Amino acid sequence: MVATTRSWHGIAGERIGAVDRIELVVVRIPFITPFAISTAEWTVKEALLLRLDGDGLTAWGECVADPDPYYASETTSTARHIIKDFLLPIVEPGITIGELGARFRRVRGHQMAKATVENALVDLAAKRSGRPLHELLGGPRRRIMSGVSIGLKDTPDELLAAVEEAVAAGYHRVKMKVKKGKDLEYVRAVRERFGDLPLMVDANGDYALSDADHLARLDDYALTMIEQPLSYSDIYQHSILQRRLTTPLCLDESVHDLDDAAAAIALGACRILNLKQGRVGGLIESLRIVDHAAAHGIPVWSGGMDETGIGRAVNIHLQTVDGFSLPGDTSETRRYFVEDIADPPVVLDGEGFIEVPPGPGIGVTVAPDRLAAFTIHSERLR
Ligand code: OSB
Ligand code: MG
């Protein structure tokens, strides 16, 4: 087992208090511009939210699943089913968040559903004790680095315009989506214009190992990393590909928990990890992965899932923890939404950093009028 030295035992020891209201809500918030990856294109953000009330406090958890299974196998509907019928029934007041994790292990997979419940319970526990989330995670109050993820564009010129805007806004690094036929030409265009820009690509599994020679041509563009070039659950073939490239590989969708991360690191399948807390079952599992990666010299950064302000706040708190040494996919609210459900929005300061939202728990509040306007489904379970 992996040695654990961090103060995150604090979060595992938090006790679950009484919950007197439980509600599942599905929202659809229009994106300002459609977001395209190699396997999907989204014009709205559909998100499943879990609301928990106790002691006069309201807590939230946002599920990172999409409405479709094109990035991951879970969807907003499968998560709703698993949360309602299998996870919430085994949540019991008095047990700790750590003990809950042990109970949740009986349910196989469904990490996004598990993270949703854990996140909401942790938010409630933090609010009960009047502490900001980052404190429970063992992270200091510090601003975090920013980064953007730019979706696939129709032409290199369109991509250049988007990169130009991101650089002007002050982001610390730019990630661009690639797929077969939209790769070398697009990367070359960006690199020619922005010679020193910390730049990386994300293929969301569009390539095969037989494309290794082609992918090796990306070595000419000083990319900080290539994210998930091969299939969505592969680790072994990435380890072979990594040996043929000088550019570091980074795994995203292949890593569902600490065991996957440990396997990837042991096999040399990546030199960097994209950690999405919602993808790996929540905050406790994330901290375990951060510790393990740190012990093996593997840098970790926080990915994103185009979250609303709720999930975005969780990602920000998590990134205050030691071990998040690279800018993540956390960018300003206004890049995604004209209107979001949570306040305050995420903004960059003059040096491209993001402040941790103040206040207890996740530190953002949900505006009832905007929540109501974007709700397409809601069910009260208690
Ligand atoms: O692969 O990291 C990904 C969004 C949805 C699904 C998968 C991914 C992404 C992003 C966007 O890259 C990250 C963000 O801006 O939140
Ligand atoms: Mg990715």
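In this text, all values refer to a predicted model and were calculated from it rather than measured experimentally.

A look at the domain arrangement of the protein chain
Then, in step 1: You can read the domains of the protein chain as domain 1 (9–130 + 368–380) and domain 2 (136–366).
Then, in step 2: Look at where the C-alpha atoms of domain 1 and domain 2 centre, and you get two points 22 Å apart.
Then, in step 3: Listed as interface residues are 39 residues of domain 1 and, on the opposing side, 46 residues of domain 2.
Then, in step 4: Buried area between domain 1 and domain 2, both sides added, is near 3700 Å², and the carbon and sulfur share of it is 64%.
Then, in step 5: Per-residue buried area on domain 1 facing domain 2 is highest for S38, Y71 and R370; these three make up 19% of the total on that side.
Then, in step 6: On inspection of domain 1 and its partner domain 2, the count reaches one salt bridge.
Then, in step 7: Of the charged contacts, one joins R370 and D343 as a salt bridge, the two residues approaching to 2.8 Å between their closest N and O atoms.
Then, in step 8: Taken together, domain 1 and domain 2 are joined by 15 residue pairs in polar contact (both at pLDDT 80 or more).

Describing the pattern of salt bridges
Then, in step 1: A complete count under the given rule lists 25 salt bridges for this structure.
Then, in step 2: For R143, the salt bridge goes to D349, with nearest N and O atoms at 2.8 Å. In this pair, R143 sits in the loop between α5 (133–137) and β4 (148–150) while D349 sits in the loop between β11 (342–343) and β12 (365–366), placing the two residues 206 residues apart along the sequence.
Then, in step 3: For D349, a relative accessible area of 24% puts it in the partly exposed group.
Then, in step 4: D329 is paired through a salt bridge with K175; the nearest N and O atoms lie 2.6 Å apart. Remark: K175 occurs in strand β5 (residues 174–177) and D329 occurs in the loop between α12 (309–318) and β11; sequence separation between them is 154 residues. For the residue pair D329 and K175, the accessibility class agrees, reading buried in each case.
Then, in step 5: Among the charged side chains, a network of salt bridges with common partners joins R173, K175, K177, D202, E227 and D329.

Rules behind the numbers
- Residues numbered from 1 in each chain as written.
- Chains lettered and ligands numbered in written order.
- Predicted model: local features only at pLDDT ≥ 70, side-chain atom pairs only at ≥ 80, totals over all residues.
- Heavy atoms only, no water.
- Domains from an automatic or database assignment.
- Contact = heavy atoms within 4.5 Å.
- Buried area = accessible area lost by both parts, 1.4 Å probe.
- Salt bridge = Lys/Arg side-chain N within 4 Å of Asp/Glu carboxyl O.
- Polar contact = N/O pair within 3.5 Å; in protein donor to acceptor, adjacent residues only side chain to side chain.
- Helix = DSSP H or I, 4+ residues; strand = E, 2+ residues; numbered from the N terminus.
- Buried < 20%, exposed > 50% of the residue type's maximum accessible area, 1.4 Å probe, protein only.

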